[in-house]
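Residue-level listing of the chains:
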Amino acid sequence: MKKIQMVDLKSQYEKIKTTVDASIQEVLDTNTYINGPLVHQFQKNLEEYLGAKHVIPCANGTDALQIAMMGLDLKPGDEVITADFTFAATVEVIALLQLTPVLVDVDVVNMNIDIEAIKKAITPKTKAIVPVHLFGRAANMDAIMEIAAEHNLYVIEDNAQAIGADYISKSGIKSKVGVIGHVAATSFFPSKNLGCYGDGGAIFTNDDKLAHIIRGIVNHGMYERYHHDVVGVNSRLDSIQAGVLNAKLPLLDEYNKARRRAATKYNAAFAGNAHVITPEFDANENDHVFHQYVLRIVDADRNALMQHLLDKGIPCAIYYPIPLHSQKAYVNVRYKEEQFPVTNQLVKEVIALPMHTELDDEQIKFITDSVLGFLK
């Protein structure tokens, strides 16, 4: 059996080696390292794939979130609602901009931001909601956009984990996640569903005015060289990374299907085990693209299971072990433990198994047999 990895980028690269190597060589031959033709080509290709009017590439996913918020001209003290159960980058950029993060609980089934919790958290200072499409599954955007419209709030989609996923609205309209809110941010970190070979990110929006502002922000506030019209940052996707992403983008749907196939096999193996709660998704839709495959372990020792798997050479991880409201950087007297029953439960139960495009049946069987052998 091939060695099991949490993410197998080497095997994936071997299948696209010729295209990737040619793109990198093109950058070396033309000396177009920054803002070169491959960056513009990738921007246009991703706009077409997503159905977005504007894609603005940048240096990484965290920058993408920060720049999206800067573009909305939010003011210090403005409140931004987001999920307690997610990676810290989401709340980090809120704090860096001297905005006020307002953390709320998540739904116990899909682990995305809880709609009723959003409603309860809104105050006169609330200016934006940041739903995170966690682990690759779309948040309830119908409800979130309705709340935003009612209270005149911005919606900033954190799409770092769900690029390529579909969202079907109540009216039956199918959209890619990331083009539903006012603006969205994504990451091209190597392990993402669409990952480069370094850092990279992008901002999406259908708002022409906002796109213009953001294009200035990512380039030191310049639209014309040495004319600084807005306060900006230095955050650009380099041409080599754009070349890698151009090679992978045509394969993204295939990559996501491979992840969904692996998730289907995992779910089938764990069906009926009282100690395992598997992720729910529609087998006939593309609503979950499984950036991570995350189980909940109930009435069993999750940490002991993790060590058991590691001892057998099976990588696994806990996403996430500590709620954001309990992290030293974000502790606030406004938070009470009773506000976060689901998050506090999930951090004790979740475990992520290997998930990537190259998982084969033999590996999946060894992984699932190992989990079930411990839980019997």
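Residues numbered from 1 in each chain as written. Predicted model: local features only at pLDDT ≥ 70, side-chain atom pairs only at ≥ 80, totals over all residues. Heavy atoms only, no water.

- The name given to the chain in an unreviewed UniProt entry is Pleiotropic regulatory protein, and the organism recorded there is Flavobacterium reichenbachii.
- Under the heading Sequence similarities (unreviewed entry), UniProt records this for the chain: "Belongs to the DegT/DnrJ/EryC1 family." (UniProt positions renumbered as here; feature names shortened; annotations may be inferred.)

**Comments concerning empty space enclosed by the protein**
Thinking step 1. Scanning the entire structure with this criterion turns up 2 cavities of 30 Å³ or more.
Thinking step 2. By volume, the largest cavity is sized at about 100 Å³.
Thinking step 3. Residue classes in the lining of the largest cavity are distributed as 6 nonpolar, 3 polar and 2 charged.
Thinking step 4. For the lining of the largest cavity, the domains that each give at least three residues are domain 1 (9-105 + 112-249) and domain 2 (251-375).
Thinking step 5. Approximately 60 Å³ is the volume attributed to the second largest cavity. (1 Å grid on protein atoms, 1.4 Å probe; cavity = no way out; pocket = protein on both sides within 12 Å on 5 of 7 lines; lining within 4 Å. Points joined across faces, edges and corners; volume = space filled by probe spheres on them. Nonpolar A, V, L, I, M, F, W, Y, C, P; charged D, E, K, R; others polar. Domains from an automatic or database assignment.)

**Quick look at the domain arrangement of the chain**
Thinking step 1. For the chain, the assigned domains are domain 1 (9-105 + 112-249) and domain 2 (251-375).
Thinking step 2. Computed over C-alpha atoms only, the centres of domain 1 and domain 2 are separated by 24 Å.
Thinking step 3. Listed by partner, the interface residues are 42 residues for domain 1 and 34 residues for domain 2.
Thinking step 4. Between domain 1 and domain 2 we count 3 salt bridges in total.
Thinking step 5. For Glu 285, the salt bridge goes to Lys 174, with nearest N and O atoms at 3.5 Å.
Thinking step 6. One can count 26 residue pairs in polar contact (both at pLDDT 80 or more) joining domain 1 with domain 2.
Thinking step 7. Contributions of two or more residues to the side of domain 1 that touches domain 2 are made by helix 1 (9-30), strand 2 (79-83), helix 4 (89-96), strand 3 (100-104), strand 6 (166-168), strand 7 (174-176) and helix 8 (239-248).
Thinking step 8. At 5 residues, the largest contribution of residues to the side of domain 1 that touches domain 2 is made by strand 3.
Thinking step 9. In terms of residue class, the side of domain 1 that touches domain 2 is built from 22 nonpolar, 9 polar and 11 charged. (Contact = heavy atoms within 4.5 Å. Salt bridge = Lys/Arg side-chain N within 4 Å of Asp/Glu carboxyl O. Polar contact = N/O pair within 3.5 Å; in protein donor to acceptor, adjacent residues only side chain to side chain. Helix = DSSP H or I, 4+ residues; strand = E, 2+ residues; numbered from the N terminus.)

**Regarding the environment of Pro 124**
Thinking step 1. By the secondary structure assignment, Pro 124 is in the loop between helix 5 (115-121) and strand 4 (126-130).
Thinking step 2. Look at Pro 124 and you get exposed, because its relative accessible area is 80%.
Thinking step 3. For Pro 124 and Val 177, which are 53 residues apart along the polypeptide, the C-alpha to C-alpha distance reads 28 Å. (Buried < 20%, exposed > 50% of the residue type's maximum accessible area, 1.4 Å probe, protein only.)

**Digging into the layout of surface pockets**
Vacant regions in the atomic arrangement are exposed by a probe of water-molecule size rolled over the atoms.
Thinking step 1. Of the volumes computed, that of the largest pocket is approximately 460 Å³.
Thinking step 2. What lines the largest pocket is a set of 24 residues, and nearest its centre among them are Phe 87, Ala 160, Gln 161, Ser 187 and Lys 192.
Thinking step 3. Sorting the residues of the lining of the largest pocket by element identifies helix 3 (61-71), helix 4 and strand 8 (183-187) as the ones contributing at least two each.
Thinking step 4. Split by residue class, the lining of the largest pocket holds 10 nonpolar, 11 polar and 3 charged.
Thinking step 5. Of the residues that make up the lining of the largest pocket, three or more belong to each of domain 1 (9-105 + 112-249) and domain 2 (251-375).

**Remarks on the side chain of Ser 11**
Thinking step 1. In this structure, Ser 11 sits in helix 1.
Thinking step 2. Relative accessible area serves as the criterion here: at 15%, Ser 11 is assigned to the buried category.
Thinking step 3. There is a polar contact of 2.7 Å between the side chain of Ser 11 and the side chain of Asp 8.

**Notes on the UniProt feature "active site" (unreviewed entry) in the chain**
Thinking step 1. Sequence positions flagged by UniProt for "active site" (unreviewed entry) are, in local numbering, Lys 192.
Thinking step 2. In contact with Lys 192, not counting residues within four places along its chain, are Ala 160, Gln 161, Ser 187, Arg 259 and His 291.

**Brief notes about the sheet that holds strand 2**
Thinking step 1. Spatial ordering of the open sheet is given by 1-9-8-5-4-2-3, a layout of 7 strands whose pairing is mixed. Strands with a single pairing partner mark the edges of an open sheet, and in this sheet they are strand 1 (54-58) and strand 3. The average undirected angle you get between the axes of adjacent strands in this sheet is 25°.
Thinking step 2. Relative to strand 9 (residues 201-205), strand 8 runs antiparallel, the two sharing 4 bridges. Pairing of Ala 184 across the sheet is with Phe 204, part of strand 9.
Thinking step 3. Packing against the sheet, helix 4 makes contact with strand 2, strand 3, strand 4 and strand 5 (154-158), and its axis sits at approximately 150° to strand 3.
Thinking step 4. Its contacts with the sheet put helix 6 (residues 141-151) on strand 4 and strand 5, and the angle it makes with strand 5 is roughly 150°. (Pairing = 2+ DSSP bridges. Axes fitted to C-alpha atoms, helices over the stretch in contact; angles between N-to-C directions.)

**Overview of the nonpolar core**
Thinking step 1. Counting 65 residues, the largest nonpolar core has Phe 85, Ile 118, Ile 144, Tyr 266, Tyr 293 and Leu 353 as the members making the most contacts within it.
Thinking step 2. It is helix 6 that provides the largest number of residues to this core, a total of 5 residues.
Thinking step 3. If near-sequence neighbours (up to four positions away) are discounted, Ile 144 is found in contact with Ile 113, Ile 115, Ile 118, Ile 129, Pro 131, Ala 139 and Val 155.
Thinking step 4. If you look at the next biggest cluster of nonpolar residues, it comprises 27 residues, including Ala 52, Ile 163, Cys 196 and Leu 245. (Core = buried A, V, L, I, M, F, W, Y, C linked by side-chain atoms within 4.5 Å.)

**Quick notes on helix 9 (residues 252-270)**
Thinking step 1. Here helix 9 spans 27 Å end to end across 19 residues, near enough to the 27 Å set by a 1.5 Å rise per residue.
Thinking step 2. Every buried residue of helix 9 is accounted for by Leu 252, Tyr 255, Asn 256, Ala 258, Arg 259, Arg 260, Ala 262, Ala 263, Tyr 266, Asn 267 and Phe 270.
Thinking step 3. Positive backbone phi, at 90°, marks Gly 272, one or two positions downstream of helix 9. (Expected span 1.5 Å × (residues − 1).)

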